[in-house]
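Structural characterization, general
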Amino acid sequence: MTLILSALIFWVSAWILNAKLADSALAETRAVKLLVPLIFGLTIIGVWELLVRGLNVPLVILPPPSLVVETAAQNLEILWKDLVQTFIKGAFRGYVIGCMSAIFVGILLERFEFLRLGLMPVASFMAALPIVGTAPILVMWFGFGWQSKAAVVVVMVFFPMLINTVAGLRESSQIQNDLMTTYAASNWQAFIKLRLPAAMPFIFNGLKISTTLALIGAIVAEFFGSPTVGMGFRISTSVGRLALDMVWAEIIVAAVVGSLFYGIIVIIEKGVTFWHPSQRG
């Protein structure tokens, strides 16, 4: 009971502290903007730890964070090998191939109207296919190595990226296009100086969405066949052994890596689209 009351007090104290920080005169400073989510995250972890131990929750249902950290520290080599196999070999390579090919196809669709009218409905249909149905097929086609995981990632990221690219390339207004014509700009010059810059916010929106899709796709694909290494393989085998602490360790690694990947894309976006209203201030 003491741990449960401690969890409640800890939660209320952190809530009051965050509320005061958010309403203070320093709320718009970078330090407070970083401190508020940090306190919120630590509060969740602290309450999780106290409640799990206070309520004597079985480890096979929900292990405490301290046990998850301990398990991760004891299996750093395994977690690193799984990360390399799933993220670097599968997710990242599939992400690059899928996004780059989607941008290229999107440029073709914007250039040729008949392609856009013919392929966009097909793209929407393909995007609706469940990954749990297509993943085992791609694993059978490309084998149990990282190639099949990259193929699943390509399928997952291609269509969101394509739709964002096409929408972005069609963002420029008729007045802007007429102005480029008045300047005697060629179609290539209008594309480089007008349509492509206008599409950048949309393209980066697709890139940010695809960061999480890529990692999810690679992990799900490993459920249907992989070598004896990888996040998806480790999660499925650990669940079978009721080693939920290892499962949570893999989940935390995936969440941290996915967040860092997303953050890198956001930083690049700020540098490329610094002129856009969404980046001002």
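For the structure itself, look to the data block above.
Residues numbered from 1 in each chain as written. Predicted model: local features only at pLDDT ≥ 70, side-chain atom pairs only at ≥ 80, totals over all residues. Heavy atoms only, no water.

So, about the side chain of Glu250. Considering the arrangement of structural elements, one finds Glu250 in helix α11 (residues 244–272). Buried charge without a salt bridge: Glu250, with Arg234 as the nearest opposite-charge side chain at an N-O distance of 4.2 Å. (Helix = DSSP H or I, 4+ residues; strand = E, 2+ residues; numbered from the N terminus. Buried < 20%, exposed > 50% of the residue type's maximum accessible area, 1.4 Å probe, protein only. Lys, Arg positive; Asp, Glu negative; His and termini not counted. Salt bridge = Lys/Arg side-chain N within 4 Å of Asp/Glu carboxyl O.)

Counted under the stated rule, the structure contains four salt bridges. Among the ionic pairs, Asp82 bridges to Arg234, the shortest N-O distance being 2.9 Å. Of this pair, Asp82 sits in helix α4 (residues 76–111) while Arg234 sits in helix α10 (residues 231–240), and the two are 152 residues apart along the sequence. In this structure, Glu269 engages Lys208 in a salt bridge whose closest nitrogen and oxygen atoms are separated by 3.0 Å. Of this pair, Glu269 sits in helix α11 while Lys208 sits in helix α9 (residues 187–222), and the two are 61 residues apart along the sequence. Each member of the pair, Glu269 together with Lys208, is buried.

Within the secondary structure, Ala72 sits in helix α3 (residues 65–74). Through-space distance from the C-alpha of Ala72 to that of Pro121 is 45 Å; in sequence the pair is 49 residues apart. Discounting residues that sit within four places of it in the chain, Ala72 has contacts with Leu79 and Ala249. (Contact = heavy atoms within 4.5 Å.)

Right, let's get into unusual backbone geometry. The phi dihedral of Asn56 is positive, around 55 degrees, even though this residue is not glycine. With respect to the helices and strands, Asn56 occurs in the loop between α2 (30–54) and α3. Here the phi dihedral of Leu242 falls at roughly 60 degrees; this positive angle occurs in a residue that is not glycine. In this fold, Leu242 is placed in the loop between α10 and α11.

Before going further, it helps to spend a moment on the packing of aromatic side chains. Tallied over the entire structure, the rule returns eight aromatic pairs. With 5.5 Å between their ring centres and 85 degrees between their planes, Phe87 and Phe261 make a pair best called edge-to-face. Residue Phe87 is located in helix α4, and its partner Phe261 is located in helix α11; the two are separated by 174 residues in the primary sequence. Across the pair, Phe261 and Phe87 agree in class, each one buried. A connected cluster of aromatic rings, assembled from ring pairs, spans Phe87, Phe92, Tyr95 and Phe261. One cation-aromatic arrangement involves Arg93 over Trp146; the distance from NZ or CZ to the ring centre is 4.3 Å. (Phe/Tyr/Trp six-rings, centres within 6.5 Å; stacked < 30°, edge-to-face > 60°. Lys NZ or Arg CZ within 6 Å of the ring centre and 35° of its normal.)

Any functional reading would require information that these geometric values do not contain.
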